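These are the residues of each chain, in order.
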Amino acid sequence: MGFARACSVALVGVEGVVVEVQADLEPGVAAFTLVGLPDKSLIESRDRVRAAVVNSGAEWPQKKLTVGLSPASVPKSGSGFDLAVACAALGAAERIDPATIADMVMIGELGLDGRVRPVRGVLPAVLAAAEAGYEHVVVPEQTAGEAALVPGVSVLGVRSLRQLIAVLCDEPVPEEPVEGQGRPDAMLAGLLIPGTGLGTGLAPAAGRGDGHRPDLADVAGQPRPRQALEVAAAGGHHLLFSGPPGAGKTMLAERLSSILPPLTRQESLEVTAVHSVAGILPPGEPLVARAPYCAPHHSATMQSLVGGGNGMPRPGAVSLAHRGVLFLDEAPEFSGKVLDALRQPLESGHVVVARAAGVVRLPARFLMVLAANPCPCGRHTLTGAGCECPPSVVRRYQARLSGPLLDRVDLRVEVEPVDRADLLGQGGRGESTAAVAARVREARARAAERLAGTPWATNSEVPGHELRTRLLVAPGALAAAERDLERGILTARGLDRVLRVAWTVADLRGADRPDASDVAVALELRTGIQRGVPMGTGQR
């Protein structure tokens with residue numbers, strides 16, 4: 001009787017669980033049994049592994065082979081277990097020394113000819129292996145760069161099973177020819193999900209292929225919306241643009257991700273892990289370094305927005321926009337249930353999806369931007385534009401954005417139509433993305449210094465209790481906000497959010513703490529009521 005074991009990783013959402021792959025050979029009729037709660041694609045690995053072993057020049061054991069995946073209570077899916085199953089079977093047959101693979105994590109799909117094909121979710125799988133104490137990982141050659149992002153782990157990238165056998169047995173490593181030179185690598189097909197278009201890319205211009213990135217200088221006029229965009233980026237505040245069609249709401253939203261600061265190392269690993277599982281990680285870019293941008297269509301279902309699907313839940317748009325921007329254009333056209341499902345991730349920074357197959361916690365700390373027209377025809381706020389929508393229709397249309405959802409939006413800005421002078425450039429071009437991004441980075445640095453030693457990184461994450469007890473504003477600065485609270489213009493949550501925005505405005509102008517003018521700017525950006533304050537946030 002022969003026995004050997006190797007290790008692999010089962011992904012549950014974007015978190016990994018180390019699975020021990022045990023192979024046992026016993027005398028009897030030749031058979032291959034796979035146990036341990038596998039799904040359909042994993043059950044089919046029996047045929048893939050047998051053909052790959054034979055075509056790699058090794059002899060398949062003519063005995064009763066039982067492969068167990070432990071812990072058996074964890075659901076296992078996908079083809080990433082093929083490599084571990086093949087090595088465990090060869091270890092039980094004594095083709096490989098069982099001791100060399102006992103503490104080695106193997107991830108990869110096997111082709112019938114023995115080639116090792118890449119799979120999705122390599123980064124979170126290697127992160128789980130490192131947290132469990134494993135130091136040696138074997139992955140497909142195409143994903144070795146992604147796996148190498150995890151510190152403290154020795155990564156071996158292989159192109160075929162015969163190469164891995166030679167390495168484990170201290171034999172000469174055969175050279176594997178690179179096929180398909182001059183055309184896209186067919187082996188990378190397993191990393192991308194078909195149909196993941198521009199809306200789930202890393203930036204609005206990611207799919208153009210010409211390297212062009214939208215610049216804020218392209219936006220004509222709109223000083224107040226530009227100010228709101230800068231405040232939103234500096235403090236991580238959610239934003240609502242409302243106004244007629246063609247005023248520039250989408251242009252402004254598409255430029256928000258470019259003024260956000262670059263992701264930190266930890267944030268990059270979080271975002272890369274989500275994108276790797278979702279199958280939208282571009283080949284050749286193992287690490288996402290800039291804030292992602294996700295803009296789902298208004299016909300999106302709740303499962304596509306917050307996560308879900310058949311079997312184990314998969315990341316939705318709120319998770320794909322983690323540490324970046326989630327833009328909902330034509331927000332009133334979204335389903336009411338879909339919009340209200342955003343309340344939990346807006347507050348907590350994560351979403352918990354419960355299904356019959358299990359409960360998954362997915363990261364979802366994003367900056368939300370809503371764009372809405374004032375009425376179905378869009379001309380309600382224009383003078384002499386001929387809006388024919390009855391008042392009842394206008395009220396119903398605007399009520400599609402529920403009060404509890406809007407209460408979680410810090411900044412609500414009216415986008416006015418662009419006049420002729422601004423459109424023709426007679427007023428001069430606005431500030432570029434680079435200038436605004438520099439101020440945003442400085443404001444973020446001030447907030448990070450103030451919040452050092454706390455679990456919060458931006459002003460939008462600070463609880464209201466801390467704002468009212470520890471982070472105090474200048475004396476008398478809250479007088480206007482307190483009056484709005486008494487009049488019912490602000491809720492208790494709204495007052496806390498005004499305080500957060502006021503701290504961001506103070507950070508942008510380099511002040512130690514907010515004064516009455518900073519609170520006035522925050523109130524105007526939230527309520528839309530003119531307070532007679534200057535438009536610039538970088539200076540007085």
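Thresholds applied
- Residues numbered from 1 in each chain as written.
- Predicted model: local features only at pLDDT ≥ 70, side-chain atom pairs only at ≥ 80, totals over all residues.
- Heavy atoms only, no water.
- Phe/Tyr/Trp six-rings, centres within 6.5 Å; stacked < 30°, edge-to-face > 60°.
- Helix = DSSP H or I, 4+ residues; strand = E, 2+ residues; numbered from the N terminus.
- Buried < 20%, exposed > 50% of the residue type's maximum accessible area, 1.4 Å probe, protein only.
- Axes fitted to C-alpha atoms, helices over the stretch in contact; angles between N-to-C directions.
- Parallel < 35°, antiparallel > 145°, perpendicular 65-115°, else oblique.
- Left-handed = near helix turned anticlockwise from the far one by under 90°.
- Contact = heavy atoms within 4.5 Å.
- Polar contact = N/O pair within 3.5 Å; in protein donor to acceptor, adjacent residues only side chain to side chain.
- Core = buried A, V, L, I, M, F, W, Y, C linked by side-chain atoms within 4.5 Å.
- pLDDT = per-residue confidence, 0-100.
- Pairing = 2+ DSSP bridges.
- Nonpolar A, V, L, I, M, F, W, Y, C, P; charged D, E, K, R; others polar.
- Salt bridge = Lys/Arg side-chain N within 4 Å of Asp/Glu carboxyl O.

In this section: the packing of aromatic side chains. Evaluated as defined, the whole model comprises one aromatic pair. Between F32 and W60 the ring centres are 5.5 Å apart and the planes differ by 40°, which places this aromatic pair in the tilted class. Of the two residues, F32 is situated in strand β3 (residues 31–35) and W60 in the loop between α2 (45–55) and β4 (64–70); the sequence distance between them amounts to 28 residues. Just as F32 is buried, W60 falls in that class too.

Another point: the packing of α2 against helix α3 (residues 82–92). The interhelical angle for the contact between α2 and α3, taken along N-to-C directions, is 60°, at an axis separation of 10 Å. Of the possible angle classes, the one that applies to α2 and α3 is oblique. α3 is crossed by α2, and the crossing has right-handed handedness. Facing S45, R48, V49 and V53 of α2, the residues of α3 in contact are D82, V85, A86 and L90.

Looking at where G16 falls in the secondary structure, it is placed in strand β2 (residues 15–26). Judged by relative accessible area, G16 falls into the partly exposed class, the value being 26%. Remark: the alpha-carbon pair of G16 and T272, spanning 256 residues in sequence, is separated by 14 Å. If sequence neighbours within four positions are ignored, G16 has contacts with V9, A10, L11 and A128.

Along the chain, D410 turns up in the loop between α17 (403–406) and β16 (411–414). According to the relative accessible area criterion, D410 is buried, its value standing at 1%. One polar contact links D410 to H237, side chain to side chain, over a distance of 2.8 Å.

Before going further, it helps to examine unusual backbone geometry. Residues S70 and P71 are joined by a peptide bond in cis, for which omega reads 5°. Checked against the element boundaries, P71 lands in the loop between β4 and α3. Its identity is not glycine, yet Q222 carries a phi of approximately 55°, on the positive side. Here Q222 shows up in the loop between α7 (161–168) and α8 (223–235). By relative accessible area, which is 7% here, Q222 ends up buried.

Attention shifts here to the nonpolar core. In terms of nonpolar packing, the biggest core is built from 53 residues, with L229, L239, F241, L256, I259, V369 and L525 touching the most fellow members. With eight residues, helix α22 (residues 492–508) is the single largest residue contributor to this core. Every residue in contact with L525, bar those within four places of it in the chain, is listed here: R224, Q227, A228, V231, D410, L411, R412, V413 and V501. The next biggest cluster of nonpolar side chains, apart from the first, holds 41 residues, and it includes V53, L90, L110 and V158.

Our focus in this paragraph is the confidence of the model for the protein chain. Per-residue pLDDT for the protein chain has a mean of 87; in total, 90% of the residues score no lower than 70. Low pLDDT, under 50, characterises residues 196–210; the predicted model gives this stretch 31 contacts beyond four residues in sequence or across chains.

Where burial is concerned, most of α7 is hidden: six out of the eight residues are buried. For α7, every residue scored as buried is listed here: L161, Q163, L164, I165, A166 and L168. Within two residues after α7, D170 carries a phi angle of roughly 55°, on the positive side.

For the rest of this paragraph, the subject is the pairing of strand β8 (residues 136–140). Of all five residues in β8, four are buried; the element is thus mostly enclosed. Relative to β8, strand β5 (residues 104–106) runs parallel, the two sharing three bridges. Residue pairing in the sheet places V105 in a bridge with V137 of β8. Sheet topology note: the β8/strand β9 (residues 154–158) ladder contains five bridges and is parallel. Across the sheet, residue V138 finds its bridge partner in β9, namely L156.

Turning next to the packing of α8 against α22. Packing of α8 against α22 brings their axes to within 9 Å, and their N-to-C directions diverge by 100°. What the angle tells us is that α8 and α22 run roughly perpendicular. Here E230, V231, A234 and G235 of α8 lie close against α22, whose contacting residues are V501, T504, V505 and L508. The residue inventory of the contact of α8 with α22, partitioned by class, reads five nonpolar, two polar and one charged.

Taken as a whole and assessed by the stated rule, the structure comprises 27 salt bridges. Between E466 and R470 there is a salt bridge; the shortest N-O distance is 2.9 Å.

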